[in-house]
Amino acid sequence: MRLTEEEYSNYTTILKEELLPAMGCTEPIAVAYAAARAGQVLGEKAQHLNVRCSGNIIKNVKGVIVPNSGNQKGVEVAATLGIIGGDSSRALEVIADVTDEDRARAGEMVREGYCEVELEEGVPNLYIRAEATGSINPATGEPHRAVVLIEDNHTNVTRIEKDGAVLYDAAETVMGRTEKDTSGEKAFTEGFAGDRRKMTLKGILDYAETVDLEKVRATLENQAACNTAISQEGLDNPWGARVGKTILENWGGNVRARAMARAAAGSDARMSGCPLPVVINSGSGNQGITVTMPVLTYAEEWNLSRDKTLRGLIISNLVSIYIKHYIGALSAFCGAVSAGAAAGAAITWLSGGGYDAVGRTITNTLGNVGGIVCDGAKPSCAAKIASSVHAALLAHYMSISDKEFKGGEGFVENDIEETIRNMGYIGKIGMKETDVEILNVMIGKADVDSCV
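Residues numbered from 1 in each chain as written. Predicted model: local features only at pLDDT ≥ 70, side-chain atom pairs only at ≥ 80, totals over all residues. Heavy atoms only, no water.

Draft legend 1. Spatial organisation of the nonpolar core. In terms of nonpolar packing, the biggest core is built from 78 residues, with M199, Y207, I314, L318, V319 and I362 touching the most fellow members. For this core, the leading source of residues is helix 13 (residues 335–350), giving 11 residues. Aside from chain neighbours lying at most four places away, what touches I314 is L15, Y207, A208, V211, L213, V216 and L220. A30, V41, I95 and L330 belong to the second-largest nonpolar core, a separate cluster that totals 49 residues. (Core = buried A, V, L, I, M, F, W, Y, C linked by side-chain atoms within 4.5 Å. Buried < 20%, exposed > 50% of the residue type's maximum accessible area, 1.4 Å probe, protein only. Helix = DSSP H or I, 4+ residues; strand = E, 2+ residues; numbered from the N terminus. Contact = heavy atoms within 4.5 Å.)

Next up, the structure:
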């Protein structure tokens, strides 16, 4: 097939708006960003901060070190650090420049109860509402207040208020009524300009094979450089549970072990507070690392040209985005699975495989490890990445040997597009109650004795 100019542009837009640099785990960073924006809108020193989050945000912030925080954890730390030392203009690098003084002060303020955190139910899986309270407004006798709401993706501001007045409302902007848009914010459906509903595996492969690389070279090279750097940091130093280093020390240095280890090592560092930036995929740094490092490792092993390698990265990134967009930014479905399947798909293409072979690799991966659950961001994510990459490599070697799981076996269909949609349905709808129960276990509200 040959893509239209509109289709080419859509895929290019998707790559550029997805492959963004971020510091550490994106959920605490998104909380910090929301708080920093609220402080900016308030326009004065905030006296108090209230943050309401969806369960998935709380789940993904609970067990991970907030980057650049001095080994502190929690929504309160992320929000407080964002409002006292954050630079909202830097988006997902909002707390890159906080100082030792900021870190110490944030810890003190959290202990003093400066930031209040509440669980918000009945909202999108990715939902953050930051409300900053300031000095008394003499006109009303009430404190000045600023509210910033983020939904659906990590930097998608959908509403801004100050002292009860709506400065920006994404819903009204989308409907064409922009008279209230005084914040300079640009609204898109779910915060994106690129239409993921128009993606197909055939379209992705055609785009990767024929697009002018100069349109996306800088974006891809930045991803390769950033994610390689944090991967090497994870291998060189004792971050997290040292999953990547353990693989190399015990499984040897063959290309398969290196592909798993380099992906896992990036997560080892990232989940334990390493401040190095990661270029994300589907809103996740772990997924960004997973779609990058196995592809680079195999390209190096096979001595492929840089242009061929970058086209492989295009496939890896877009396949991951394609699978994940059916599921949503946050769920009980572990995003390392979709990212691992995408990396495997790219490796199959780099080896000379076409549409059918690439589809078999994706099917074989999803049919194997599609049930890995997400129980929050934390050091064990590195092991889940290693497992997903291992499954994807098995899937690749099965595929190039013309072996695959067949349609009618479980959720697998004869058509790869249908298999991907089935996995999306399971991750978004089927695992919804699982997501609730995981959160209940994590916050101590589950009746675990009832299953004995």
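Draft legend 2. Summary view of helix 12 (residues 306–325). Taking 1.5 Å of rise per residue, the 20 residues of helix 12 would be expected to cover 28 Å, and the 28 Å separating its terminal C-alpha atoms lies within 8% of that figure. Helix 12 sits mainly inside the fold: 16 of its 20 residues count as buried. (Expected span 1.5 Å × (residues − 1).)

Draft legend 3. Representation of the environment of S9 within the structure. By the secondary structure assignment, S9 is in helix 1 (residues 5–18). For S9, a relative accessible area of 41% puts it in the partly exposed group.

Draft legend 4. Broad picture of the pattern of salt bridges. In total, this model carries 23 salt bridges according to the counting rule given. The salt bridge partner of E301 is R258, with a shortest N-O separation of 2.8 Å. Taken together, the residues E301 in helix 11 (residues 285–301) and R258 in helix 10 (residues 255–270) connect sequence positions 43 residues apart. Residue classification places R258 among the partly exposed positions, given a relative accessible area of 25%. (Salt bridge = Lys/Arg side-chain N within 4 Å of Asp/Glu carboxyl O.)

Draft legend 5. Fine view of the packing of aromatic side chains. For the structure shown, the criterion picks out 4 aromatic pairs. Their ring planes at 45° and their centres at 6.0 Å tell us that Y8 and Y207 sit as a pair that is tilted. Taken together, the residues Y8 in helix 1 and Y207 in helix 7 (residues 201–210) connect sequence positions 199 residues apart. For Y8, a relative accessible area of 15% corresponds to the buried category. Using a relative accessible area of 0% as the deciding quantity, one classes Y207 as buried. Seen from their ring centres, Y322 and Y326 are 5.8 Å apart, and the 55° between their planes marks the pair as tilted. Residue Y322 is classed as buried on the basis of its relative accessible area, which comes to 1%. (Phe/Tyr/Trp six-rings, centres within 6.5 Å; stacked < 30°, edge-to-face > 60°.)

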